[in-house]
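Structure at a glance
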Amino acid sequence: MTTAGGRATSAPLMGRDEEPTIFELSSPGRGAASFLTTSVPEWGAEELVAPEHLRTDPTPVVEVSERDLVAHFTRLSHRQYSVDLGAYPLGSCTMKYNPKLCDEVASLAGLADVHPSAPAALTQGWMELLVDLEQTLCRVTGMHAATLQPPAGAAGELTGLLLMRAWHRDTAGGRERRRVIIPDSAHGTNPASVTLGGYDVTTVPSDERGCVDVVALRERLDDDVAGIMLTNPNTLGLFEEDIVAIAGAVHEVGGLLYYDGANLNAILGVTRPGDMGFDIVHMNLHKTFAVPHGGGGPGAGPVAVSPRLAPYLPGPRPVRGDDGLFVWSQPERSIGRVHSWHGNALALARAWSYILANGGDGLRKVAEAAVLNANWLRVRLRGTYDIPYDRPSMHEFVASAAGLRRRSGLRAADVAKRLLEEGFHAPTVYFPLIVEEALMIEPTETESPQTLAALADALVSIAAGSADDAHEAPRTAPVRRVDEARAARRLVPTFDARSTGSG
Amino acid sequence: MGHFVPHTDDEAAAMLGDLGLTSVDELFSAVPEALRLAGGLDLAPGMSEPDVLARAAHLGDANRRTGAELVCFAGAGAYDHDVPSVVRRVAFRSEFVTAYTPYQPEVAQGVLQALFEYQTVVSRLFGMEVANASLYDGASACVEAANLAASATGRPTVWVSRGLHPHWREVMGTFAVGTGHELVDIPLVDGRTAWPEAGEPGALLVQYPNYLGCIEDLRAAAAAARRTGALLVVASDPVAAGLLRPPGSYGADVVVGEGQPFGTPLSFGGPYLGLFACRAEHVRRLPGRLVGETVDVDGRRAYVTTLRTREQDIRREKASSNVCTNQTLIAVAFVVHLAWLGTAGLRELALRCARGTRYAREALLEIEGVEPVAATPVLREFGVRLRVPAEVVVERMAEEGFLAGVPLGDEYGGGLLVAVTERRTRAEIDAYAYALEKVVR
């Protein structure tokens, strides 16, 4: 096989030897810590803390040498798949390559060593960066103003719903609207956020095209509806072609449109939520703008709004004053803070640098290549897997193992575990809920045509295999299939619970 | 194509050909013509790596960073601790940095085991049985703790000590609009929370040590919780845990905190780390992810996210929390830093902070016109009242090369909150006191 063009697969590189917990490496008297020489008087603990507050026995942590500590976490890292090792076609997660220049930006001392409460006069560089990012994100989404405080997508959703609530409170003369509409294909965070925002969820079904059923939507619309949350393209990877009609209908009953930005990558530079009629937009900077996912975070979930909602944004917000200096400003009708400080600032700096590197032209190319890759793979897998909504998709598509399951007993989970053996991460499985045996595949724009071909070959050969063989997978990963039921039944959430199995 | 898109023009054309298309615009045929962005994005063209780095460095230079030129005495939930070299070297290995949420446990044992170890050290610090795999920050941990308590007790009222960080209280207030929880502000008397005798709160929330640096009386808080049938939620400083009796030993039901002191630089406020621990009886109400130990089909030890039916992707609108992405990488940095400190090092760190704090407090209180905000003992931070508004003091002290502290709001009667970490030398503290004396004169 040729290696020209790259081939991002890597399971054989992963460590298969079990690694003890760090607590099992502990040896009394070992340690790594050292401290600055300060010449501060060396009072004893008893002189500093009253006996009723003083802990008598030391807080048990662990006792290891620095060398053992480094070896331990290095070995753990070898038992972890990552974008830097290989392709990660997890649908809806946008696991694109994370440019290393953004790591450099996030480690600059001029950004990292700044106290969040320092007066504005001392933090002009940070405030300029944040204002610049806010304006950039507004241009990308076609919105008016944004808050950078929400630290993740779900936090952005809840922030958006509270903005919705505050706006209705002011405009409806105190009458409460109680319902928020969500499609049956929505991410789980949407309904959970709606509940926490104090609203009831009304589900609208998808039609045979995989888009919002507009007739069913109209039946659900009345003046009790606060708004609708939509992902566009939706979680099937399909563009909601009726979005203008949907926006008109929702606005007609006085509702607002919320845009879940999980799939924003597909439309960068092509179209904008603001042009579609959305009032509130959250972005997942850890998806679209290449902030690395960190094994589950930190991310960042800024929320951009139309002019009428800007007075409600969380504060304080950095703004440029008339004299050109940056100051903190509290929006007139602010819903208040949603973060301890100014959001996940260093994650915001990463996204800022990613956008600078790409520029307006580069972001458009991101969307083009993401959509090209997804469609190429969809067409390539046609005939091997069911494609329930087999028409041009955006940045991702949903295949189904339902036919395979009937024919040979192979389930989506088996395909996923076999793919791990082939050196790729698995797609998202069993989501969206409206597709049986779903395999949601998002290759992203940063995987080469050669990697896509290798991924397609792997998926085709997996489909030709037997279910009995697939049930044994994965055999080359750090561990084989994990007993999830046992983990829940006999809960061991800490090393200290190992002997008891609490919970 | 763009900077990080590998396709050559020929490759892209060949792929389009495979789809029966001739131009990339045809890929977007589903987007109605009227919605297409005609002129492209109104953004500058892409920049090279060195140009981006130069621009970022320029903005960095427009900040006054902490260090020798601006010696940091500010805290208030964001502390200037040493971050050992091992944190950058191992916690920020690219396998941890560029991994996704561990949904495929067979290839995510690295992150899962690191989180299991994180959960263990957080539980040990606070004397609790279970900890989750992280929340966003101290504020979000307080919000989730209030939600857990309201759900466990069926009572929507939360008594919140005014000694809790004002930003965290503000965030709780923002989200209480959605949940309908009633937050009752409980005042401080001489730096300690004065709990009411009677009422029906679902939770009591107290910070330990509190925002003013004072060591709260957790026996009194626990007694008030027992008296009223509320859960006791303690927002606890993980550094103070090296010296103070753990909240668990007082009967706390939930312990939350800000994890920034271990592994995370000041970072202009984020990403930080929400610590969340509770008693085992509340584990089914635990927000966010939880890692548990189990075995694989060969009986080999393995780790997996567990009790997943609590979470939003399964329970949807019935979930008690919407948390999905959390702060995993920051949690890994936390456990690496804490393991480097070790059992003896954690105590030594807390001791050094307490020594510096005592030395600085005594030096400042000798200055005419500087008074303590409370007589209650402190550990690593303290408040002082000054004759000059604190904002003015901070501004003038910056000219002298010090970030003097964080101004205390009107609800505390004004003044300045001063933090001293293990990084402050005797010479720096002496110079700070000398400069402050000039400024408040």
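Refer to the structure presented above.
Analysis parameters
- Residues numbered from 1 in each chain as written.
- Chains lettered and ligands numbered in written order.
- Predicted model: local features only at pLDDT ≥ 70, side-chain atom pairs only at ≥ 80, totals over all residues.
- Heavy atoms only, no water.
- Helix = DSSP H or I, 4+ residues; strand = E, 2+ residues; numbered from the N terminus.
- Buried < 20%, exposed > 50% of the residue type's maximum accessible area, 1.4 Å probe, protein only.
- Contact = heavy atoms within 4.5 Å.
- Areas by Shrake-Rupley, 256 points an atom, 1.4 Å probe, with all protein chains shown as cover.
- Lys, Arg positive; Asp, Glu negative; His and termini not counted.
- Charge placed at Lys NZ, Arg CZ, Asp CG, Glu CD.
- Pairing = 2+ DSSP bridges.
- Buried area = accessible area lost by both parts, 1.4 Å probe.
- Salt bridge = Lys/Arg side-chain N within 4 Å of Asp/Glu carboxyl O.
- Nonpolar A, V, L, I, M, F, W, Y, C, P; charged D, E, K, R; others polar.
- Phe/Tyr/Trp six-rings, centres within 6.5 Å; stacked < 30°, edge-to-face > 60°.
- Lys NZ or Arg CZ within 6 Å of the ring centre and 35° of its normal.
- Axes fitted to C-alpha atoms, helices over the stretch in contact; angles between N-to-C directions.
- Arc of directions from axis to C-beta.
- Core = buried A, V, L, I, M, F, W, Y, C linked by side-chain atoms within 4.5 Å.
- Parallel < 35°, antiparallel > 145°, perpendicular 65-115°, else oblique.
- Left-handed = near helix turned anticlockwise from the far one by under 90°.
- Expected span 1.5 Å × (residues − 1).
- Disulfide = S-S within 2.5 Å.

The number of helices and strands found in chain B is 12 helices and 17 strands. Principal axes of the C-alpha set define a box for chain B whose edges measure 80 × 50 × 50 Å. Evaluated residue by residue, chain B yields a buried proportion of 67% over its 441 residues. Across chain B, every contact between residues at least 6 apart in sequence was considered, and the portion connecting residues at least 24 apart equals 70%. Summed over all atoms, the accessible surface of chain B reaches about 14100 Å², with 49% contributed by carbon and sulfur. In chain B, 41 positive and 54 negative side-chain charges are present, and the distance between their average locations comes to 8 Å.

Attention now moves to the pairing of strand β14 (residues 381-385) of chain B. All names here are of chain B. Where burial is concerned, most of β14 is hidden: four out of the five residues are buried. As defined by bridge partners, strand β13 (residues 371-372) adjoins β14 across two bridges and the pair is classed as antiparallel. Residue Glu-371 lies in a different strand from β14, and its bridge partner there is Arg-385.

Turning our eyes to something else, we now look at the interface of chain A and chain B. Taken together, the 205 residues of chain A in the interface contact 185 residues of chain B. Buried surface at the junction of chain A and chain B, both sides included, amounts to about 16800 Å², of which 64% is carbon and sulfur. Measuring nitrogen to oxygen at the nearest pair gives 2.9 Å for the salt bridge that ties Asp-298 of chain B to Arg-480 of chain A. No other element matches helix α11 (residues 345-381) of chain A, which puts 27 residues into the side of chain A that touches chain B. Looking at the side of chain A that touches chain B, its residues break down into 107 nonpolar, 60 polar and 38 charged.

Here we take up the packing of aromatic side chains. Taken as a whole and judged by the stated rule, the model has 17 aromatic pairs over all chains. Each ring, one from Tyr-100 of chain B and one from Tyr-103 of chain B, has its centre 5.9 Å from the other, and the planes form 55°; the classification is tilted. Members of the aromatic cluster, joined through ring pairs, are Tyr-97, Phe-289 and Tyr-354 of chain A together with Phe-4 of chain B. Cation over ring: Arg-245 of chain B sits above Tyr-250 of chain B, and NZ or CZ is 4.4 Å from the ring centre. Looking at Arg-358 of chain B, its charged tip hangs above the ring of Trp-43 of chain A, at a distance of 4.2 Å from the centre.

Once that is clear, we can look at the environment of Val-373 of chain B. For Val-373 of chain B, the position within the fold is in the loop between β13 and β14. A sequence separation of 43 residues divides Val-373 of chain B from Leu-416 of chain B, and the C-alpha atoms of the two residues are 8.9 Å apart.

It is worth spelling out the pairing of strand β5 (residues 256-261) of chain A at this point. For a regular strand, side-chain orientation follows a simple rule: the groups alternate between the two sheet faces. All names here are of chain A. Within β5, six of the six residues are buried, leaving the element largely enclosed by the surrounding structure. Alternating positions in β5 separate into two faces, Leu-256, Tyr-258 and Asp-260 on one and Leu-257, Tyr-259 and Gly-261 on the other, with burial throughout. Taken together, the five bridges between strand β4 (residues 225-231) and β5 define a ladder with parallel strand orientation. Paired with Leu-230 across the strands is Tyr-259, a residue of β5. Examined bridge by bridge, β5 and strand β6 (residues 280-283) share four bridges and lie parallel to one another.

On to the pattern of salt bridges. Opposite charge on two side chains allows them to pair when their charged atoms are near. On inspection of all chains with the given rule, the structure shows 62 salt bridges over all chains. Close ionic contact of Glu-437 of chain A with Arg-405 of chain A constitutes a salt bridge, the shortest N to O distance being 3.0 Å. Of the two residues, Glu-437 of chain A sits in the loop between β11 (428-429) and β12 (438-441) while Arg-405 of chain A sits in helix α12 (residues 402-408), which places them 32 residues apart along the sequence. Relative accessible area serves as the criterion here: at 38%, Arg-405 of chain A is assigned to the partly exposed category. As a salt-bridge pair, Arg-423 of chain B and Asp-80 of chain B come within 2.8 Å of each other at their nearest N and O atoms. A residue pair is termed long-range when its members are at least 10 positions apart, and Arg-423 of chain B in the loop between β17 (416-419) and α12 (426-440) and Asp-80 of chain B in the loop between β1 (71-72) and α3 (85-91) qualify at 343 residues. Here Arg-423 of chain B falls in the partly exposed class, since its relative accessible area comes to 29%. Its relative accessible area of 6% is what places Asp-80 of chain B among the buried residues. A single network of salt bridges, built from pairs that share partners, joins Arg-418, Glu-421, Glu-422, Asp-469 and Arg-475 of chain A.

Once that is clear, we can look at the sheet that holds strand β3 (residues 157-161) of chain B. Residues and elements named next belong to chain B. Taken in spatial order, the seven strands of this open sheet run β2-β10-β9-β8-β7-β3-β4, and their pairing is mixed. With one partner strand each, in any of the chains shown, β2 (130-131) and β4 (182-186) form the two edges of the open sheet. One ladder, built from three bridges, connects β3 with strand β7 (residues 203-208); its direction is parallel. Its bridge partner being in β7, Val-158 is matched across the sheet by Ala-203. This element, helix α6 (residues 138-153), spans β3, β7, β8 (231-236), β9 (254-258) and β10 (274-278) of the sheet and lies at about 165° to β9.

A few words now on the side chain of Thr-38 of chain A. Within the secondary structure, Thr-38 of chain A is located in the segment before α1 (45-48). If we ignore the near neighbours within four places in the chain, the residues touching Thr-38 of chain A are Arg-352, Glu-422, Arg-424, Thr-425 and Arg-426 of chain B.

We now examine helix α3 (residues 100-107) of chain A. Three or more residues of α3 of chain A are buried, namely Leu-101, Cys-102, Val-105 and Ala-106 of chain A. Burial along α3 of chain A is one-sided: seen end-on, the buried residues are contained in an arc of 145°. Each element contacted by the buried residues of α3 of chain A is listed here: α4 (109-112) and α11 of chain A together with α2 (49-61) of chain B.

Take the nonpolar core next. Counting residues in each nonpolar core, the largest one holds 149 residues, and the members touching the most others are Phe-334 and Leu-416 of chain B. Apart from the residues lying within four places of it in its own chain, the contact partners of Phe-334 of chain B are Tyr-118, Val-121, Val-122, Leu-125, Pro-238, Gly-259, Phe-262, Leu-273 and Leu-275 of chain B.

Pairing between the strands of a sheet is mediated by backbone hydrogen bonds and can be parallel or antiparallel. Residue and element names in this part refer to chain A. Spatially, the seven strands line up as an open sheet ordered β1-β7-β6-β5-β4-β2-β3, and their pairing is mixed. Both outer strands of the open sheet, β1 (145-147) and β3 (200-204), are each paired with one neighbouring strand and no more. Going across the sheet, the axis of each strand differs from the next one's by a mean of 25°, ignoring polarity. Where helix α5 (residues 124-141) meets the sheet, it contacts β1, β6 and β7 (303-305), and its direction lies at approximately 120° from that of β1. Contacts between helix α6 (residues 153-171) and the sheet are confined to β1, β2 (179-183), β4, β5, β6 and β7, with β5 contributing the most and set at about 170° to the helix.

What follows deals with the packing of helix α5 (residues 109-126) of chain B against helix α10 (residues 328-365) of chain B. Residues and elements named next belong to chain B. Running from N to C, α5 and α10 cross one another at 50°; their axes reach a closest spacing of 9 Å. By the criterion of interaxial angle, the relationship of α5 to α10 is oblique. Crossing hand, α5 versus α10: left-handed. Within the contact between the two elements, α5 uses Val-111, Ala-114, Leu-115, Glu-117, Tyr-118, Val-121, Val-122 and Leu-125 and α10 uses Thr-328, Ala-331, Val-332, Phe-334, Val-335, Leu-338 and Leu-346. Along the lines of polarity and charge, the residues of the contact of α5 with α10 split into 13 nonpolar, one polar and one charged.

Quick reminder: α-helices carry 3.6 residues per turn. Residues three or four places apart thus point the same way. Taking 1.5 Å as the rise per residue, α2 of chain B with 13 residues should run 18 Å; its terminal C-alpha atoms sit 18 Å apart, in good agreement. Among the residues of α2 of chain B, Val-52, Ala-56, Leu-59 and Gly-60 of chain B are the ones counted as buried. Taken down its axis, α2 of chain B places every buried residue within 105° of arc, on the same side. Facing away from the buried surface of α2 of chain B by more than 90 degrees, the exposed residues are Pro-50 and Asp-61 of chain B. For α2 of chain B, the secondary structure elements touched by its buried residues are α3, α4, α5 and α11 of chain A.

Moving on: the environment of Pro-311 of chain A. All names here are of chain A. By secondary structure assignment, the location of Pro-311 is in the loop between β7 and β8 (317-320). Measuring from C-alpha to C-alpha, the distance between Pro-311 and Ser-334 comes to 6.2 Å, with 23 residues separating the pair along the chain. Those residues in contact with Pro-311, other than ones at most four positions away along the chain, are Pro-331, Glu-332, Arg-333 and Ser-334.

A word on the state of the cysteines. According to the stated counting rule, one finds zero disulfides over all chains in the structure shown. Between Cys-93 of chain A, a free cysteine, and Cys-324 of chain B, which holds the nearest cysteine sulfur, the sulfur-to-sulfur gap is 7.9 Å. Accessibility expressed as a relative area gives 6% for Cys-93 of chain A, which makes it buried. As a non-bridged cysteine, Cys-214 of chain B has Cys-353 of chain B as the owner of its nearest cysteine sulfur, 17 Å distant.

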